[in-house]
Amino acid sequence: MTQRSPQVTVRRNRTLALASALVKGVVAAGLGLGSLTVLVMVVWISSPYPDSGPGGALRAAAGVWLLAHGAGLVRPDTLSGVPAPVGMVPLLLVLGPVWLAHRAARDAAESQEPQEGARVGARAEWRERPGGPSRVGAFCAVTAGYLLVVAGAAAYARGGPLQADPDTLAFPVALVVAGAAAAGVWTAAGRPFGPAPSWSPLAVQEAVARTLFRQRTEAASRSAAAGLTVLLGGGALLVAVALGRNAGAAQDAFLGLAGDWTGRIAVLLLAAALAPNAALWGAAYGLGPGFSLGTGATATPLGLDGTPALPRFPLLAAVPDQGPGALPNWAALAVPMAAALAVAWFTARRAAPADAPRARAWSPRETVLVTLLAALGCGAGTALLTAVAGGPIGTGALSVFGPVWWLTGPAALVWTAAIGVPAALLLRLWRLRTPGWAWRRDVPEADGPPEPEAEEEAEEVGVVPGRTRQWWAPWHARRATAGEDGEAEPAGPASPAASSVPAPDPAPEATPGFEPYDFLPTDPWHGKENREARWASLKQGSGGLMADFPADRTANRTAGRADRAESADPGGPASTP
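All values derive from a computational prediction rather than experimental measurement.

Structural notes on the sheet that holds strand β7 (residues 297–300)
Part 1 of the argument: The antiparallel open sheet is built from 5 strands, whose spatial order is β9-β8-β7-β6-β10. The open sheet is flanked by β9 (323–324) and β10 (401–403), the only strands paired with a single partner.
Part 2 of the argument: Sheet topology places strand β8 (residues 303–306) next to β9; 2 bridges connect them, and they run antiparallel. Note on β9: the bridge partner recorded for Gly 303 is Pro 324.

Examining the pairing of β7
It is a general feature of regular strands that their side chains alternate between the two faces of the sheet.
Part 1 of the argument: Bridge analysis of strand β6 (residues 291–293) against β7 gives 2 bridges, and the strand direction is antiparallel. Bridge pairing links Phe 291 to Ala 299 in β7.
Part 2 of the argument: Of the pairings in the sheet, the one linking β7 to β8 comprises 4 bridges and is antiparallel in character. Bridge pairing links Ala 299 to Leu 304 in β8.
Part 3 of the argument: Taking the residues that link successive antiparallel strands as the turn, the β7-β8 hairpin has 2 residues.

Topic: the packing of helix α3 (residues 91–109) against helix α4 (residues 135–157)
Part 1 of the argument: With their axes 9 Å apart at the nearest point, α3 and α4 run at an angle of 140 degrees to one another. With respect to α4, the element α3 is oriented oblique. Between α3 and α4 the crossing geometry is right-handed. On the side of α3, the interface is formed by Pro 97, Ala 101, Ala 104, Ala 105, Ala 108 and Ala 109, while α4 contributes Ala 138, Val 142 and Tyr 146.
Part 2 of the argument: Here the residues of the contact of α3 with α4 are counted per class, giving 9 nonpolar, no polar and no charged.

Describing the sheet that holds strand β2 (residues 84–86)
Part 1 of the argument: The strand order across the open sheet formed by 3 strands is β2-β1-β5, and the pairing between neighbours is antiparallel. Pairing within the sheet leaves two strands with one partner each, and these edge strands are β2 and β5 (163–164).
Part 2 of the argument: Here strand β1 (residues 73–75) runs beside β2; their pairing, made up of 3 bridges, is antiparallel. Note on β2: the bridge partner recorded for Arg 75 is Ala 84.

Structural notes on the nonpolar core
Part 1 of the argument: In terms of nonpolar packing, the biggest core is built from 55 residues, with Trp 65, Leu 66, Tyr 146, Trp 281, Phe 291 and Leu 293 touching the most fellow members.
Part 2 of the argument: Broken down by secondary-structure element, the contributors of at least two residues to this core are α1 (6–46), α2 (54–67), α3, α4, α5 (167–188), α10 (275–287), β6 and β7.
Part 3 of the argument: The dominant element in this core, judged by the number of residues it contributes, is α4, at 9 residues.
Part 4 of the argument: Aside from chain neighbours lying at most four places away, what touches Tyr 146 is Gly 25, Val 26, Ala 28, Ala 29, Trp 65, His 69, Pro 97, Ala 101 and Val 177.
Part 5 of the argument: Counting 8 residues, the second-largest nonpolar core is a separate cluster that includes Ala 220, Ala 224, Ala 351 and Trp 362.

A closer look at the environment of Leu 92
Part 1 of the argument: In this structure, Leu 92 sits in helix α3.
Part 2 of the argument: In the structure, Leu 92 is positioned 178 residues away from Leu 270 in sequence and 9.7 Å away in space, judged by C-alpha atoms.
Part 3 of the argument: Look past the residues within four positions of Leu 92 in its chain and what remains in contact with it is Ala 272, Ala 273 and Pro 276.

Some thoughts on the packing of aromatic side chains
Part 1 of the argument: Counted under the stated rule, the structure contains 4 aromatic pairs.
Part 2 of the argument: Ring centres of Tyr 285 and Phe 291 lie 6.1 Å apart, and the angle between their planes is 40 degrees; this geometry places the pair in the tilted category.
Part 3 of the argument: The class for Phe 291 is buried, based on a relative accessible area of 6%.
Part 4 of the argument: Among the aromatic residues, those joined into a cluster by ring pairs are Trp 281, Tyr 285, Phe 291 and Phe 401.
Part 5 of the argument: In this arrangement the basic side chain of Arg 59 is found over the ring face of Tyr 156, its NZ or CZ atom lying 4.9 Å from the centre.
Part 6 of the argument: Against the face of Trp 430 rests Arg 433, its NZ or CZ located 3.7 Å from the ring centre.

Points about the pattern of salt bridges
Part 1 of the argument: Scanning all chains against the criterion turns up 4 salt bridges.
Part 2 of the argument: Across the pair Glu 110 and Arg 106 runs a salt bridge whose closest N-O atoms are separated by 3.9 Å.
Part 3 of the argument: Salt bridges here are not isolated pairs; linked through shared partners, they connect Arg 106, Asp 107 and Glu 110.

Some thoughts on helix α12 (residues 334–351)
Part 1 of the argument: Taking 1.5 Å as the rise per residue, α12 with 18 residues should run 26 Å; its terminal C-alpha atoms sit 25 Å apart, in good agreement.
Part 2 of the argument: Close packing links the buried residues of α12 with α7 (211–245), α10, α13 (364–389) and α14 (405–431).

A word on the side chain of Thr 347
Part 1 of the argument: For Thr 347, the location among the structural elements is in helix α12.
Part 2 of the argument: You can call Thr 347 buried: its relative accessible area is 1%.
Part 3 of the argument: Engagement of the side chain of Thr 347 in a polar contact is seen with the side chain of Ser 223, the distance being 3.1 Å.
Part 4 of the argument: Ignoring sequence-local partners within four residues, the contact set of Thr 347 consists of Ser 223, Trp 362, Thr 367, Val 370 and Thr 371.

Brief notes about unusual backbone geometry
Generally, phi is negative for residues other than glycine and the peptide bonds are trans, each holding for most cases.
Part 1 of the argument: The omega torsion across Phe 171 and Pro 172 is 15 degrees, close enough to zero to call that bond cis.
Part 2 of the argument: In this structure, Pro 172 sits in helix α5.
Part 3 of the argument: In the Ramachandran plot, Arg 191 falls in the positive-phi region, its phi being about 55 degrees despite a non-glycine side chain.
Part 4 of the argument: Its location among the elements puts Arg 191 in the loop between α5 and α6 (202–209).

With respect to a nonpolar patch on the surface
Part 1 of the argument: Side chains of Leu 22, Val 26 and Leu 148 sit close together on the surface and give an oily, nonpolar patch of about 240 Å² of accessible area.
Part 2 of the argument: Take Val 26: it is sitting in helix α1.
Part 3 of the argument: We classify Val 26 as partly exposed; its relative accessible area is 33%.

Concerning α5
An α-helix turns once per 3.6 residues; consequently, residues spaced three or four apart project the same way.
Part 1 of the argument: When the terminal C-alpha atoms of α5 are compared, their 32 Å separation across 22 residues agrees well with the 32 Å that a helix rising 1.5 Å per residue should span.
Part 2 of the argument: Of all the bends found along α5, the most pronounced is centred on Val 173 and spans about 30 degrees.
Part 3 of the argument: Those residues of α5 that sit buried are Thr 168, Val 173, Val 177, Ala 178, Ala 180, Ala 181, Gly 184, Val 185, Thr 187 and Ala 188.
Part 4 of the argument: Just past α5, the residue Gly 190 takes up positive phi, approximately 90 degrees.

A look at the confidence of the model for the chain
Part 1 of the argument: Averaged over all residues, the pLDDT of the chain equals 79, while 72% of them reach at least 70.
Part 2 of the argument: Mean pLDDT across the secondary structure elements of the chain bottoms out at helix α16 (residues 473–481), with 41, and peaks at α10, with 97.
Part 3 of the argument: The model gives residues 571–577 a pLDDT under 50, and that stretch makes 0 contacts with residues more than four places away or in other chains.

The rules behind these values
- Residues numbered from 1 in each chain as written.
- Predicted model: local features only at pLDDT ≥ 70, side-chain atom pairs only at ≥ 80, totals over all residues.
- Heavy atoms only, no water.
- Pairing = 2+ DSSP bridges.
- Helix = DSSP H or I, 4+ residues; strand = E, 2+ residues; numbered from the N terminus.
- Axes fitted to C-alpha atoms, helices over the stretch in contact; angles between N-to-C directions.
- Parallel < 35°, antiparallel > 145°, perpendicular 65-115°, else oblique.
- Left-handed = near helix turned anticlockwise from the far one by under 90°.
- Contact = heavy atoms within 4.5 Å.
- Nonpolar A, V, L, I, M, F, W, Y, C, P; charged D, E, K, R; others polar.
- Core = buried A, V, L, I, M, F, W, Y, C linked by side-chain atoms within 4.5 Å.
- Buried < 20%, exposed > 50% of the residue type's maximum accessible area, 1.4 Å probe, protein only.
- Phe/Tyr/Trp six-rings, centres within 6.5 Å; stacked < 30°, edge-to-face > 60°.
- Lys NZ or Arg CZ within 6 Å of the ring centre and 35° of its normal.
- Salt bridge = Lys/Arg side-chain N within 4 Å of Asp/Glu carboxyl O.
- Expected span 1.5 Å × (residues − 1).
- Polar contact = N/O pair within 3.5 Å; in protein donor to acceptor, adjacent residues only side chain to side chain.
- Patch = residues over 30% accessible without salt bridge, like charges linked within 9 Å, V, L, I, M, F, W, Y side chains within 5 Å.
- Areas by Shrake-Rupley, 256 points an atom, 1.4 Å probe, with all protein chains shown as cover.
- Bend = angle between axes of the 7 residues up to and from the residue.
- pLDDT = per-residue confidence, 0-100.

Pasting the structure below:
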């Protein structure tokens, strides 16, 4: 019998792991396609008057699944006979495929584990198991398996009511899948920030290697995410308010699109899938550039110019009326202001943390740089999202529909930078203001925790070392010195607390709970016999390299001390002849 070498076993296990990662990518794509197909088939079965057979419904489901990845679709059957493009991506449908690809890549790369002895809470150095795939291998295998299903779905959708544009399969479909898989591998590796790739410039590698740079970048990313979230939330609020004001028009459009309950459920599902798009449209409206309603109409807070080409749809009832904007339209400008203040607040929290000494606060220059970096991230995220929130939904006037990303992104950058930078500096000064009016924590420089008695006394006036200073502390302290009815107490001798000279500490015996200090128990550890025994043990363990214990020197030193003590005693007995 021949024994297989360890190298062959490891190579075989790695090949099997890569094959497993490829299968995971195929399964992830199949789950997304299958779930959407089931939903489309349920709507098709419940429809009393279907336009096509089951083959057409399956091809339509494949087309909608490709649209969820950003692929452009083409409707060949139109009234004019000219194929009409469909490029508006329902953003709610994007969450399913992206999450599935992310999870498949994360599971495939989880065969890597951190090295033993890595510090908890820090970025661990990751190593590969002998039989596991590399991170690059897991990423490539999952992406390849997913794109195989994408290619099959695109081929199957040909000849159906919604055909995929081949030019959009490489970009952005492949880019979306690769980005989700890369994020999954990065999550499996513990989300490390660095090291930079070897092909990157040396200055970039040195900057990423610095801990301070990573901390500032993380703070800027969190601030940008907060600003983008507030911007999207404000846009959704604008759309909700506008739909509430035009509820009658939205209801008429909803009931006019379908007369049966099956069609109304389909319209409701489509409106729910386009709800994130509507929130981005509202954010673009509040930022100023607005959105296009065809080739000859644009809606901004200043008014609606041109004649819009609006199809009949419930969400489009939120579009403002034609004419110049009024005060309610101008109130939409509060959305980017709130986003800028959110960026400033999250930056100021990291610039002047409440649980750190004043000396560890950021400088004004660092605060400005991090705020600008957060504003840049917020603008880039807004531009990316608004680029997919709109798109063509037909030919002619409907070829331009939605916000313009190259105007919305810079607008978000300008708003967050112009308002966020001064607000961040003011918030930093507010958090670092003089104690007594400050609610931030004054962290003691001492390493030890505060004494329980001092903490209980500080709680009476609202100030506890190591805890957040309450905003009512100054008034509470003043009320404690006054009477219960708010009047000042009669003048009298100044108390020790009110005097500028600190009062002497009370005697220890008068303190409640005082226990007298006791001497430590004597032990023979420092005795002469024990020291000689330890020295002999060390000498025996060293192999004869250590000298003998200086017993004679110790005896001479002891005798010398005794002679000096006798000579120094003036009242000692006289020596006898």
